[in-house]
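For reference, the chains in residue letters:
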Amino acid sequence: MSDRATAVGPDGAPRCPWALSTADYVAYHDEEWGRPVHGDDALFERLSLEAFQSGLSWITILRRRPGFRAAFAEFKIDAVAEFTDEDRERLLADPGIIRNRAKIDATLANARVLAGWAPGELDALIWSHAPDPAGRPVPRTLVDVPAITPESTALSRALKKRGLRFVGPTTAYALMQACGLVDDHLADCVARRA
């Protein structure tokens, strides 16, 4: 991780430096990353995509997100929970997604587990692990942004205890960042919430 503070974007505004390598990143950084996400299906999508990202760059996932959405029935939990062995084979052959057998199997298994939960239960569980923002220092450089936290470790443990897979502490923290449970935009970033 770099110790860089914000960098000037194409419009002259300061942003987190990771966001400036492509226009796709700028849009994702400005419009999505760190913004609160609620709803079981929306959180299932984010959790699944973060798991697929493991070991890859986020831009790879971001650029394939339309393919993922098409392949996984827009990440509707009940629909994915009904996927058959034929669907699994279709996914393994789909060039529009990451064709990793373990990650595909985890996504299908997670949907089956989540289909048995009460509506809003995933949302409530994830958001119950949001740390108190008053207790978190505002990051000034990328070095100040952790990869895992006690909260992400606890969230990972809670998800695993409930039967979910591919939800380690690093994946859980990336989910927390992406879904607005934490605001890791740097202090001077134009996208940081006040």
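Residues numbered from 1 in each chain as written. Predicted model: local features only at pLDDT ≥ 70, side-chain atom pairs only at ≥ 80, totals over all residues. Heavy atoms only, no water.

Naming follows an unreviewed UniProt entry, where the protein appears as DNA-3-methyladenine glycosylase I of Streptomyces griseoviridis.

### Quick word on the pattern of salt bridges
Inspection of the entire model under this criterion finds twelve salt bridges. Between Arg15 and Asp11 there is a salt bridge, with the nearest N and O atoms lying 2.7 Å from each other. According to the relative accessible area criterion, Arg15 is buried, its value standing at 4%. On the basis of relative accessible area, Asp11 is assigned to the exposed category, the value being 52%. Notably, a salt bridge pairs Arg69 with Glu45, separated by 2.7 Å at the nearest N-O pair. Taken together, the residues span a long stretch of sequence, with Arg69 in helix α3 (residues 58-71) and Glu45 in helix α2 (residues 40-53) at a distance of 24 residues. By relative accessible area, Arg69 is classed as partly exposed at 28%. (Salt bridge = Lys/Arg side-chain N within 4 Å of Asp/Glu carboxyl O. Buried < 20%, exposed > 50% of the residue type's maximum accessible area, 1.4 Å probe, protein only. Helix = DSSP H or I, 4+ residues; strand = E, 2+ residues; numbered from the N terminus.)

### Here's the deal with the nonpolar core
Counting residues in hydrophobic clusters, the biggest one holds 46 residues, and the most contacted among them are Phe44, Phe68, Phe72, Leu91, Ile104, Leu122 and Leu159. The element that contributes the greatest number of residues to this core is α3, accounting for six residues. In this structure, Leu91 is in contact with Ala71, Phe72, Phe83, Ile97, Arg99, Ile104 and Leu108, ignoring residues within four places of it in sequence. Ranked by size, the runner-up nonpolar core spans six residues in total, among them Cys16, Leu142, Cys189 and Ala191. (Core = buried A, V, L, I, M, F, W, Y, C linked by side-chain atoms within 4.5 Å. Contact = heavy atoms within 4.5 Å.)

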